[in-house]
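A closer look at the structure
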Amino acid sequence: MITVKDLHKHFGKLEVLNGINQHIRAGEKVVIIGPSGSGKSTFLRCLNLLEKPTSGQIFFEGTEITDPKTDIDALRCRMGMVFQQFNLFPHLTVMENITLAPVTHKMMTRDEAQKKAKALLSRVGLPEKADAYPKQLSGGQQQRIAIVRALAMNPDVMLFDEPTSALDPEMVGEVLDVMRKLAEDGMTMVVVTHEMGFAREVGDRVLFMDGGVVLEEGTPGALFAHPANARTQDFLRKVL
Amino acid sequence: MLATLLMGATQAAAGGTVFDQWWLAIKDKALAGNLDFWENIYKEIYQNILFNNRWLNYLKGMGITLEVSFFAALFGLFLGMLLAMMRLSGIRPLQKIAGVYVGIIRGTPMLLQVLIINFGLFGSIAIDRVVIGVIACGINSAAYVSEIIRSGILSVDLGQTEAGRSLGLSSWQTLRLIVFPQALKTALPSLCNEFITLIKETSILAYIALTELTKAGDYIRSKTYSAFTPYIVSGILYLIVTGVLTKLLSKLERRLRQGDNR
């Protein structure tokens, strides 16, 4: 579904990504772990071109998204993204947050979008929050709404950029539960996270990144139990 | 001079309203120059406001001040938004043009700008001075409005733009639906300040003989030679206009803030 070929990203002289080659299959759950500054968030943000790669190619469902002629907005409609800081729109209600994009894209009428939003809100356990404003909600609730907002576009893949890192510890569980359900429903997911339990449980494949490259990858069972690379071993020792 | 003035007043008062009667009662004392405190005040009010319906001059001046301010504010708001977007467009030539515009307008006196526009640009064209005033004040205000709006837009967290773009919205849709409403809320107090400043600054148009509120007061002074009263009348009218506007805008602001606490 997503193919990445020799992806490089430089910020000025700083080389953040140093040649990444990856293929993510439909339905696959890929979890990216690694120390901070390893380039994992940058890699994720390159996948929907929030970060412009310096060189290399990314293909999404057969279209090269790194081609300047590609209509990136159309492709982004099929790629949901969830941010560390939620980034809900504070001037809009929860319902408006969710329906804004589908209605603006004329993918659905307002009624259809609201119906869909209500169904999704029930699924994440927040059916009564439709008319609330983001500020009235807890971090965990906001992040669940942010997931719903991305899902309302019927994306083919969901990108998660450290979705629980800005949350109070007691709210991490409720967000991971929603993501777990999403995984069970067969959604293709790419998740950057520090939640090793989640990586082990939900991930089909775990990528360990350091220094702008994927140092090691494998099934969670293999990677967590027998890390081959010294830096992977060092990292896992510190976080587990 | 005073004598002729007073004579004129007397003649006009032949019709004799109650104000004219009061004036006639103290006219001789005024000519002799020995009015007491209160009589003096009445003399000032009579000559500068009541006589010959002079209060109409102030009101007409206020009308022109409001007219020029309203259209200049509108013009300045649109041009200012355009300039702000040019500066944030990321397109080098547009950024440069807008930057130079703001630099020139903010770096030179408004009086000079008004004179250049009046005598330079429109010197040889017969055009209503009100229109010149709107153009001159609008051009000036736009520079300040663009800075206010630009900083408002920059105050909106980058994550908002990223969230909008990640949902497949174009950069224009993201700006219009997500960034702009939030920026406007932040910018509103400064924007209101700018509008109130604009009202006061239209007084510069007196220099190109547009009879707005300040010029109206000046005109009365040239008739009565009262050093204070006409300007004070103008000043009170300015205060009424800016006071009402301040009230209205702070009400609007409170209303917007309530949205935050819902």
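Everything discussed here concerns the structure shown above.
Overview of the structure. (Residues numbered from 1 in each chain as written. Chains lettered and ligands numbered in written order. Predicted model: local features only at pLDDT ≥ 70, side-chain atom pairs only at ≥ 80, totals over all residues. Heavy atoms only, no water.)

Focus: the overall build of chain A
Formally: Numbered from the N terminus, helices here are DSSP runs of H or I no shorter than four residues, and strands are runs of E no shorter than two. The quantity called the radius of gyration is restricted to C-alpha atoms. Its globule counterpart is 2.2 Å times the number of residues to the power 0.38. Only protein chains enter the calculation, and the probe is 1.4 Å; a residue is then buried if its accessible area is under 20% of its type maximum, exposed if over 50%, and partly exposed in between. Working rule for contacts: check all heavy atoms of both residues, and any pair within 4.5 Å makes them a contact. Only the protein chains shown count as covering a residue, and every accessible area follows the Shrake-Rupley method with a 1.4 Å probe. Positive residues here are Lys and Arg, negative ones are Asp and Glu, while His and the chain termini are left out of the count. Every charge is mapped onto a representative atom, which is NZ of Lys, CZ of Arg, CG of Asp or CD of Glu.
Helix and strand counts for chain A stand at nine helices and 10 strands. What you see for chain A is a C-alpha radius of gyration of 18 Å, in line with the 18 Å of a compact globule of 240 residues. Principal-axis analysis of the C-alpha atoms gives chain A an extent of 55 × 45 × 30 Å. Expressed as a percentage of its 240 residues, the buried residues of chain A come to 57%. Contacts in chain A between residues at least 24 apart in sequence constitute 66% of all its contacts with a sequence separation of at least 6. Accessible surface, chain A: about 10100 Å² in total, of which carbon and sulfur atoms supply 49%. Mean positive and mean negative side-chain charge positions of chain A (28 and 30 charges, respectively) differ by 2 Å.

What about the interface of chain B and chain A?
To be explicit about the condition: Two parts placed together each lose some accessible area under a 1.4 Å probe, and the buried area is that loss summed for both. The salt bridge definition used is simple: a Lys or Arg side-chain nitrogen within 4 Å of an Asp or Glu carboxyl oxygen. Pairs of N or O atoms within 3.5 Å make up the polar contacts considered here, provided that, within protein, one atom can donate a hydrogen while the other can accept it, and that residues adjacent in sequence are counted only when both atoms are side-chain atoms. When residues are grouped by polarity, Ala, Val, Leu, Ile, Met, Phe, Trp, Tyr, Cys and Pro land in nonpolar, Asp, Glu, Lys and Arg in charged, and all others, Gly among them, in polar.
Between chain B and chain A, the residue contacts involve 19 residues of the former and 24 residues of the latter. Together, the buried faces of chain B and chain A total about 1900 Å²; carbon and sulfur atoms form 57% of this surface. In this structure, the connection of chain B to chain A is made through two salt bridges. Counting across the interface, chain B meets chain A through eight residue pairs in polar contact (both at pLDDT 80 or more). Counting only elements with at least two residues in the side of chain B that touches chain A, the list comes to α8 (158-166) and α9 (171-201) of chain B. Among the elements that line the side of chain B that touches chain A, the one with the most residues is α8 of chain B, at seven residues. Its residues placed into classes, the side of chain B that touches chain A shows six nonpolar, eight polar and five charged.

Quick look at the sheet that holds strand β8 (residues 188-192) of chain A
Residues and elements named next belong to chain A. Keep this limit in mind: Each pair of strands is called paired provided DSSP finds at least two bridges between the two strands. Every axis in this analysis is a line fitted to C-alpha atoms, fitted for helices over the stretch in contact. Angles between the N-to-C directions lie between 0 and 180 degrees.
Across the sheet, six strands lie side by side as β6-β7-β8-β3-β9-β10; this open sheet has mixed pairing. Both outer strands of the open sheet, β6 (79-82) and β10 (213-218), are each paired with one neighbouring strand and no more. Sheet twist, expressed as the mean angle between neighbouring strand axes with direction ignored, is 20°. Of the pairings in the sheet, the one linking β6 to strand β7 (residues 157-161) comprises four bridges and is parallel in character. What sits directly across from Met79, in β7, is Val157. Relative to β8, helix α6 (residues 169-184) is tilted by about 145°, and along the sheet it contacts β3 (29-33), β7 and β8.

Describing the sheet that holds strand β5 (residues 63-64) of chain A
All names here are of chain A. Judged by pairing direction, the sheet is antiparallel, and its four strands sit side by side in the order β2-β1-β4-β5 without closing on themselves. Both outer strands of the open sheet, β2 (14-24) and β5, are each paired with one neighbouring strand and no more. Bridge count for strand β1 (residues 2-11) against strand β4 (residues 55-60) is five bridges, and the pairing is antiparallel. Bridged to His8 within β4 is Ser55. Contacts from helix α1 (residues 40-47) reach β1, β2 and β4 within the one sheet, and its direction differs from that of β1 by about 120°.

Structural notes on helix α7 (residues 129-155) of chain B
Along an α-helix, residues three or four apart share an orientation, since each turn contains 3.6 residues. To be explicit about the condition: By definition here, a helix of n residues has an expected span of 1.5 Å times n minus one. Given a residue, its bend is the angle between the two axes fitted to the seven residues that end at it and to the seven that start from it.
Given a rise of 1.5 Å per residue, 27 residues ought to cover 39 Å, and the 39 Å separating the end C-alpha atoms of α7 of chain B matches this to within 8%. Along α7 of chain B, the sharpest change in direction is near 25° and occurs at Ala142 of chain B.

Description of the side chain of Thr229 of chain B
Residue and element names in this part refer to chain B. By the secondary structure assignment, Thr229 is in helix α11 (residues 229-261). A distance of 2.5 Å separates polar atoms of two side chains, one belonging to Thr229 and the other to Glu44. If we skip the residues at most four places from it in the chain, Thr229 touches Glu44 and Asn48.

Regarding the pattern of salt bridges
Using the criterion set out here, one finds 21 salt bridges over all chains in the structure. Between Glu162 of chain B and Arg45 of chain A there is a salt bridge, with the nearest N and O atoms lying 2.6 Å from each other. Of the two residues, Glu162 of chain B sits in helix α8 while Arg45 of chain A sits in helix α1, which places them in two different chains. Each member of the pair, Glu162 of chain B together with Arg45 of chain A, is buried. Among the salt bridges present, the one from Asp234 of chain A reaches Arg237 of chain A, with a minimum N-O distance of 3.8 Å. Residue Asp234 of chain A and its partner Arg237 of chain A are both found in helix α9 (residues 230-239); the two are separated by three residues, about one turn of the helix. The exposure class assigned to Arg237 of chain A is exposed, which follows from its relative accessible area of 59%. Here the salt bridges do not stand alone but share partners, grouping Arg25, Glu28, Arg205 and Glu217 of chain A into one network.

Quick word on the nonpolar core
All names here are of chain A. Put simply, the rule reads: Buried residues of nine kinds, namely Ala, Val, Leu, Ile, Met, Phe, Trp, Tyr and Cys, make up a nonpolar core once their side-chain atoms join them within 4.5 Å.
Ranked by internal contacts, the top residues of the largest apolar core, which has 38 residues, are Ile2, Phe43 and Leu47. In terms of residues, this core owes the most to one element, α1, which gives four residues. Counting 37 residues, the second-largest nonpolar core is a separate cluster that includes Phe86, Leu120, Val175 and Met187.

Some remarks on the environment of Leu184 of chain B
Looking at the secondary structure, you find Leu184 of chain B in helix α9. Taking the C-alpha atoms as reference points, Leu184 of chain B and Leu88 of chain B, 96 residues apart in sequence, are found 15 Å from one another.

Examining the packing of helix α4 (residues 55-88) of chain B against α7 of chain B
Residues and elements named next belong to chain B. Our working rule: Small angles under 35 degrees read as roughly parallel and large ones over 145 as roughly antiparallel, with 65 to 115 read as roughly perpendicular and the rest as oblique. Take the far helix as the reference: if the near one is turned anticlockwise from it by less than a right angle, the crossing is left-handed, and if turned clockwise, right-handed.
With their axes 5 Å apart at the nearest point, α4 and α7 run at an angle of 40° to one another. Here α4 lies oblique to α7, going by the angle between them. The two elements α4 and α7 cross, and the hand of that crossing is right-handed. Within the contact of α4 with α7, the residues separate by chemical class into 21 nonpolar, five polar and four charged.

Thoughts on helix α3 (residues 94-104) of chain A
With respect to burial, α3 of chain A is a largely interior element, nine of its 11 residues being buried. Among the residues making up α3 of chain A, those that are buried are Val94, Met95, Asn97, Ile98, Thr99, Leu100, Ala101, Pro102 and Val103 of chain A. Buried residues along α3 of chain A sit in contact with α4 (110-123) and α5 (139-151) of chain A together with α9 of chain B. Just downstream of α3 of chain A, Lys106 of chain A is the residue with a positive phi angle, here 60°.

Spatial relationships are all this shows, so hold off on functional conclusions.
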